[in-house]
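The residues making up each chain are set out below.
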Amino acid sequence: MAAVTFTNVSKRYESVSVIESLNLEVRDHELMVLVGPSGCGKSTALRMIAGLEEISSGTISIGDRVVNNLAPRDRDIAMVFQSYALYPHMTVRGNLEFGLRMRKVGPPEIDKRVDEAAEILGITHLLDRKPKDLSGGQRQRVAVGRAIVRQPAVFLFDEPLSNLDAKLRVQMRAEITQLQQRLQTTSVYVTHDQIEAMTMGHRIAVMRDGKIQQVGTPLEIYARPDNLFVAQFIGTPPMNFVSGTVWEHGTAIRTLEFELPVPERLRSTLPPGRRVIVGIRPEHVGPVGSEPGRTVVIGRVELVELIGHQIIVHTRVGEDIMVASLDPRLQPHIGDALSLSIENDAIQLFDAESELRID
C-alpha cells in the first residue's frame, strides 16, 4: 500500500497560517491533483509530503508509516519540479543514474532501470546529450525519467508543465497521465491550471486559503460544485452568476432582469424570500429555438471570442454579464441585441450568505 494520508495537518510560519487542519487521503495507485489559486497552500502540502517543509501539527502517512520525522531520502518518494533541476555538467544518462548511485544500487540494475525509463519516455537517443542541448519538453521528460528510475512508492509533481508552451503542455500532460496509468504509482500533482486538473486527475482537491473546498472526480467537481468558489474556479469559460430572490411559493427565482423557474428537484427546499445566487454554465446558454424548458433573455453583445469550434459571446443583460458558448456560424457582432435561452433544469443554486450549494 502507498496511500498518502493527511490527518489534521497544519502549517504555520510564526503567526501566519498557511495550511489549516488538512484532512485528505490519496488512494493507492491514484493520481490526485491539488488545484487552486496562487498562495492557497497546495505546493506547501506537497512539500510536506516530501519532507521539504516541517509540519506544525498533525500527521502525514505514506502507506502504514507516519513520516513526520523521516528525512526526505527515507520517505520513498520521487519529486518532479517546475525547474527540472537537472545537473548541467552531466549527460542525460548521468542525471538518470545519479540518484541510484547515491543509493548504492549495483551497476547492472542501474543500467536496466535507466534503459527502461528512457524507452518508456522516448529519450533513448538523448542519453549522451547534456541538458543545455535539450528542448524544454525533452528536459521535462528527463526530469520525469529521474523519478521513474527510483521506483518510489509515491510520485510528487510540483507544477511540472508551467515552463512549457501551450502545445507542449497539452502533449506532456497526456504523456504524464498515460505514464501514471502504466506504472500505477500513487501520484500527487500540484497545479494552478484547472484544465490540467480536470484532464489528468482521478480525483481533484480544490484548495483555497489553506483549506480544502471540495474533493471529487473531475465530473463531480464540475457538475456539482460544493460552493461558489469551486463553481467560479472550475470551468472554462467560468460559470455565470446572477443574484435573485425566491418567489411564488418557492417555484420561481426573480432577478433584476428576468424570472427563472426553480428546478423541480429544489422546490421543497426553497422558502419564498430566500436570497440565492443562480449559477449557469455558458454551455447551457444557447440560441433561441423551439425547445421547451428554457428561459429567454435579451442581451447586448460586448465581446466575441472565436475559439475555432465555438464562439464565446459576452452579453450584458441589465447589470449582469451573461457568457454563452455558441456555434461560430451565428457570427454576432459587438453592439448587437442577442436573444439567448437558458436551460432551466441545468441551473445551479447557491445560498447568497453562506455561498454553499443548495440541494
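Residues numbered from 1 in each chain as written. Predicted model: local features only at pLDDT ≥ 70, side-chain atom pairs only at ≥ 80, totals over all residues. Heavy atoms only, no water.

Caption draft 1: Spatial organisation of the packing of helix α4 (residues 136-150) against helix α5 (residues 166-183). At a closest axis distance of 11 Å, the pairing of α4 and α5 adopts a crossing angle of 15 degrees. Here α4 lies roughly parallel to α5, going by the angle between them. α4 and α5 meet at a crossing whose hand is right-handed. Of the residues in α5, those in contact with Gly136, Gly137, Gln140, Arg141, Val144 and Ile148 of α4 are Leu168, Gln171, Met172, Glu175, Leu179 and Leu183. Looking at the contact of α4 with α5, its residues break down into 6 nonpolar, 4 polar and 2 charged. (Axes fitted to C-alpha atoms, helices over the stretch in contact; angles between N-to-C directions. Helix = DSSP H or I, 4+ residues; strand = E, 2+ residues; numbered from the N terminus. Parallel < 35°, antiparallel > 145°, perpendicular 65-115°, else oblique. Left-handed = near helix turned anticlockwise from the far one by under 90°. Contact = heavy atoms within 4.5 Å. Nonpolar A, V, L, I, M, F, W, Y, C, P; charged D, E, K, R; others polar.)

Caption draft 2: Main features of the nonpolar core. Among the nonpolar cores identified, the biggest contains 43 residues, and Val92, Ile123, Tyr189 and Val206 are the most heavily contacted of them. The leading source of residues in this core is α4, at 6 residues. Ile123 has contacts with Val92, Leu96, Ala118, Arg141 and Val142, leaving out every residue within four places of it along the chain. (Core = buried A, V, L, I, M, F, W, Y, C linked by side-chain atoms within 4.5 Å. Buried < 20%, exposed > 50% of the residue type's maximum accessible area, 1.4 Å probe, protein only.)

Caption draft 3: Focus on a nonpolar patch on the surface. Residues Val288, Val296 and Ile298 make up a contiguous nonpolar surface patch of about 250 Å² in total accessible area. By secondary structure assignment, the location of Ile298 is in strand β16 (residues 294-306). (Patch = residues over 30% accessible without salt bridge, like charges linked within 9 Å, V, L, I, M, F, W, Y side chains within 5 Å. Areas by Shrake-Rupley, 256 points an atom, 1.4 Å probe, with all protein chains shown as cover. Salt bridge = Lys/Arg side-chain N within 4 Å of Asp/Glu carboxyl O.)

Caption draft 4: A look at the sheet that holds strand β17 (residues 311-317). If you walk across this open sheet you meet the 5 strands as β15-β19-β16-β17-β18, and the pairing is antiparallel. Looking at strand neighbours, the two that pair on one side only are β15 (285-287) and β18 (320-326), the edges of this open sheet. With strand direction ignored, the average angle separating the axes of adjacent strands in the sheet is 50 degrees. (Pairing = 2+ DSSP bridges.)

Caption draft 5: Quick peek at the sheet that holds strand β11 (residues 240-247). What the 5 strands build is an open sheet, ordered β13-β12-β11-β14-β20; its pairing is antiparallel. Two strands close off the open sheet at either side, each with one partner strand: β13 (259-261) and β20 (348-351). Each neighbouring strand pair of the sheet contributes to a mean axis angle of 40 degrees, computed without reference to strand direction. Note that strand β12 (residues 252-254) and β13 share 3 bridges and pair antiparallel.

Caption draft 6: Looking closely at the layout of surface pockets. Size it by volume and the largest pocket reaches roughly 530 Å³. Taken together, 21 residues form the lining of the largest pocket, with Met79, Phe81, Arg103, Arg146 and Arg150 sitting closest to its centre. Counting only elements with at least two residues in the lining of the largest pocket, the list comes to β6 (77-80), α2 (92-102) and α4. (1 Å grid on protein atoms, 1.4 Å probe; cavity = no way out; pocket = protein on both sides within 12 Å on 5 of 7 lines; lining within 4 Å. Points joined across faces, edges and corners; volume = space filled by probe spheres on them.)

Caption draft 7: Just empty space enclosed by the protein, in detail. Following the criterion strictly, the structure yields 1 cavity of 30 Å³ or more and no others. Approximately 30 Å³ is the volume found for the largest cavity. In this structure, the largest cavity is lined by Glu159, Pro160, Leu161, Ser162, Arg169, Tyr189, Thr191, His192 and Glu196. Its residues assigned to classes, the lining of the largest cavity comprises 3 nonpolar, 3 polar and 3 charged.

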